[in-house]
Amino acid sequence: ILKNAVALKAEIAQRQAVIGAHFNQTIDGLIFACPMREGADVVLLQQKLVSKGFLVGAIRPPTVIKPILRIIPRLGESVESLQLLCSLLAKEIH
């Protein structure tokens, strides 16, 4: 990891920028808690995204106050794939 620290930081920053561009939010690491409207069916949205090849976590009350989708933009997945996920998700929530 130390040998590749600069490259890894650049990859992380790239993924953080994609999240920021689509959702106008900054994330410190590689976990994005995408807030959903109260009463939103996050499990249904999760299933839609899974059917398109994206694995996201659906977290709902009482675990959290308001429902969220947990997105982890892994370094093992392409930035293009993350952009597609963000585009699909943005269409669903806006």
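Refer to the structure above for everything that follows.
Let me sum up the structure you'll find in this document.

Looking at the side chain of Arg15
Note on placement: Arg15 falls in helix α1 (residues 5-23). Every residue in contact with Arg15, bar those within four places of it in the chain, is listed here: Leu30, Pro73, Arg74, Leu75, Glu77, Ser78, Val79 and Leu82.

What to know about unusual backbone geometry
Pro61 connects to Pro62 through a cis peptide bond whose omega is 10 degrees. Locating Pro62 in the fold gives a position in the loop between β2 (57-59) and β3 (68-71). One non-glycine residue with positive phi stands out, namely Asn24, at about 55 degrees. Along the chain, Asn24 falls in the loop between α1 and β1 (32-35).

Digging into the packing of aromatic side chains
The final tally for this structure, using the stated rule, is 1 aromatic pair. For the pair Phe23 and Phe32, a centre-to-centre distance of 5.1 Å together with 35 degrees between the ring planes defines the contact as tilted. Assigned by exposure class, Phe23 and Phe32 land together as buried.

The rules behind each value
For every chain, the first residue of its written sequence is number 1, and the numbers climb from 1 along that sequence. Totals for whole chains, interfaces and linings use every residue, but because this is a predicted model, local features are given only for residues with pLDDT of at least 70 and side-chain atom pairs only at 80 or more, for both listing and counting. Side-chain figures throughout are based on the complete set of non-hydrogen atoms in the structure, without hydrogens or water. For helices the rule is a DSSP run of H or I covering at least 4 residues; for strands it is a run of E covering at least 2, with both sets numbered from the N terminus onward. Whether two residues touch is decided by their heavy atoms; if any such pair falls within 4.5 Å, the residues are in contact. Ring geometry is summarised as follows: Phe, Tyr and Trp rings, the Trp one being its six-membered ring, pair when their centres sit within 6.5 Å, and such pairs are stacked at plane angles under 30 degrees, edge-to-face over 60 and tilted between the two. In this scheme, a residue with accessible area under 20% of its type's maximum is buried, one over 50% is exposed, and one in between is partly exposed, where area comes from a 1.4 Å probe on protein chains only.

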